[in-house]
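Residues per chain are reported as follows:
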Amino acid sequence: MASTTTGLPDRYRPLDQIGPDEATPTGVIQSWRAKDRVLNRDVAIRVHVPAGPAAHAWITRALTAGGLATPALAMVYDASEGSGDPQAPGGAAYVVNEWIDGETLADRLRSGPMPEREVRLVLRRLAEGVAEAHRVGLAVGGLTLENVVLRPNGLVGLRAVPAAAGTVEGDISALGELLEACLTGTGPGARPVSGPADLVALARRARSTAPGQGLSSVAAMAALLGERGRSGTTQNLHPNRSDDTDGGRRRRRREGSTPVRLQPGALPPVPPVRPVPTTALGGDTIAAGPVSRPPAPGTDDEPFGVLGGAGARDDGYDAYEAYDGDPADPGYDADDEDAARKHRLVVVGLPLLALLVVIALAWWFGSSVLSVADSVDEEIGGSTPPATSAPAADDAGEEEPAPEPGAAVAVSGAQVFDPFGDGEPENDDEVPLSFDGDPATAWSTLNYRGSPAFGNLKPGVGVVYDLGEAQPLSGVTVQTPVPGATVEVRTGESPDAALDDFPVAAAGTLEESTDLAFDEPVTARYVLVWLTGLVESPDGFSAQLAEVEIRAAG
């Protein structure tokens, strides 16, 4: 419908109202499709009623979104808090967004659920855009089927950025609802939740509020959506072309013949022999046939039972039945029995002989060479007076003495501990500056916007210090050039353990130099300095560790 909105700059001419009104704690937001007269393009413009201070929080969020540049989120072109006079040009509070053309996700799902590949692609791109907003401390909000648009170029975009209010947990849950809707559909073709097990489980985790069951961040959700698409199995998108590919040709070759896997050193199988008519064989030619069992002893023309005769069984490579020669049997051959006995004697005797030779050599070496060495040592000892060992030689193999109680313990290494992060380095290369003995240098966290609680993105970040071995500790002294950050000192036995596996030994608020003493001595190898609250800085919120000194216990 035509707009009668007033208070907007003359540059923007509203065309049609789109979507329902959005209620805020301080008023109502109305959305319009409008024309930018200067750049001659369509834009989306949202107006907050009333204007002035009531719209301040929303305009602040919009200014934060203005620094984002991702195709998954509608760009913010302009924003103004307004003067509060609805009749004066520029008196309205408004935000101007990029206008996104395309089919909304709500319209797309009325015809039924989306294919697996499209679900992964759309939700991953949308989650990556929301993760970018979270990195600057902005919870987007407004993640609904009506606001998500499938662009004609295959990308996805979110209109109405940002919403009047939002939380990180709300964005994660909303993405889970969108994922579930893509798997079920919303119209007459809707079906119960089904599909790939990892997508169903991911939707359930994103919507879960149970402790330890939900997702830690939207970035984690984007990573999970992209992981299966790269390494997992997916359905064939071109079933009619499957047999024309190299894989199809290889499959046909596999179906046509069964491969034979040979063990190392094994001979290849004997191919089947084509039968030859007996009439074509000469007098000295033997008909080829499968190897069979030896005939019963007593046949003179086949003494070894290799070739099958008329009475032989033609059943392939069956095991030969053992034949114990009986001297009373007419077919018994004493020479063959003696040859077999000699063969067994050689097979068993040669290894035994080799073993005896090795034992004899070892005995000779021990009795001759070592005895000569002992005699040489005795002669040297008898002619040369014993020398007194230097104290340094005696102490060379001893361990270093334990540090005195209250003394600083040497740190052998350290690394950033960020189990709830999104993978972005937290100034990892600067960690050695926190224990280099120079308070003028420091390791710093990244800058977070919107809140000293790490922009509401994660509960904290820290540094794990490795002492080389477990030893009793009494406390930690922390120096910082920026006082005010809150910190916990935790101890553990592994640098890669979960946060809960590092029990808290001390906690406090950092001054320029803060002694965090343990209630009782703790024996540990790893010490975690865990920052839980940041300090305001010119670019947002951050914290710094200039020197961390770990003290030994008595």
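Look above for the structure.
Now for a description of the structure that goes with this document.

Cut-off values and rules
- Residues numbered from 1 in each chain as written.
- Predicted model: local features only at pLDDT ≥ 70, side-chain atom pairs only at ≥ 80, totals over all residues.
- Heavy atoms only, no water.
- Patch = residues over 30% accessible without salt bridge, like charges linked within 9 Å, V, L, I, M, F, W, Y side chains within 5 Å.
- Areas by Shrake-Rupley, 256 points an atom, 1.4 Å probe, with all protein chains shown as cover.
- Salt bridge = Lys/Arg side-chain N within 4 Å of Asp/Glu carboxyl O.
- Helix = DSSP H or I, 4+ residues; strand = E, 2+ residues; numbered from the N terminus.
- Buried < 20%, exposed > 50% of the residue type's maximum accessible area, 1.4 Å probe, protein only.
- Expected span 1.5 Å × (residues − 1).
- 1 Å grid on protein atoms, 1.4 Å probe; cavity = no way out; pocket = protein on both sides within 12 Å on 5 of 7 lines; lining within 4 Å.
- Points joined across faces, edges and corners; volume = space filled by probe spheres on them.
- Nonpolar A, V, L, I, M, F, W, Y, C, P; charged D, E, K, R; others polar.
- Core = buried A, V, L, I, M, F, W, Y, C linked by side-chain atoms within 4.5 Å.
- Contact = heavy atoms within 4.5 Å.

With that settled, the discussion passes to a nonpolar patch on the surface. Judged by side-chain polarity, Val346, Leu350, Leu353, Val357 and Leu361 come together as a nonpolar surface patch covering roughly 480 Å² of accessible area. Checked against the element boundaries, Val357 lands in helix α8 (residues 334–383). The class of Val357 is partly exposed, set by a relative accessible area of 45%.

The next point concerns helix α3 (residues 116–135). When the terminal C-alpha atoms of α3 are compared, their 28 Å separation across 20 residues agrees well with the 28 Å that a helix rising 1.5 Å per residue should span. Of the residues making up α3, those classed as buried are Glu116, Val119, Arg120, Val122, Leu123, Leu126, Ala127, Gly129, Val130, Ala131, Ala133 and His134. Positive backbone phi, at 85°, marks Gly137, one or two positions downstream of α3.

Further remarks concern the layout of surface pockets. Computed from the structure, the second largest pocket encloses a volume of approximately 640 Å³. What lines the second largest pocket is a set of 22 residues, among which Ile172, Gly214, Leu215, Ser216 and Phe420 lie closest to the centre. Taken together, the elements giving at least two residues each to the lining of the second largest pocket come down to α4 (168–184) and α5 (197–207). Among the elements that take part in the lining of the second largest pocket, α4 stands out by supplying four residues, more than any other. By residue class, the composition of the lining of the second largest pocket is ten nonpolar, nine polar and three charged.

Where side chains of opposite charge bring their charged atoms close, a pairing between them can arise. By the definition in use, this model includes 17 salt bridges. Here Glu118 and Arg108 are joined by a salt bridge, their closest N and O atoms 3.5 Å apart. Here Arg108 lies in helix α2 (residues 105–109) and Glu118 lies in helix α3, a separation of ten residues in the sequence. Owing to a relative accessible area of 28%, Glu118 belongs among the partly exposed residues under this scheme.

This part covers the nonpolar core. By size, the foremost hydrophobic cluster in this structure holds 91 residues, and its most contacted members are Leu105, Leu175, Leu178, Leu531 and Leu545. Element by element, the count of residues in this core is highest for α4, at nine residues. The contact partners of Leu105, leaving out residues within four places of it in the chain, are Met114, Leu145, Val148, Leu150, Leu178 and Cys182. Formed by ten residues, the second largest nonpolar core is a distinct cluster that contains Leu8, Trp32, Tyr94 and Val96.

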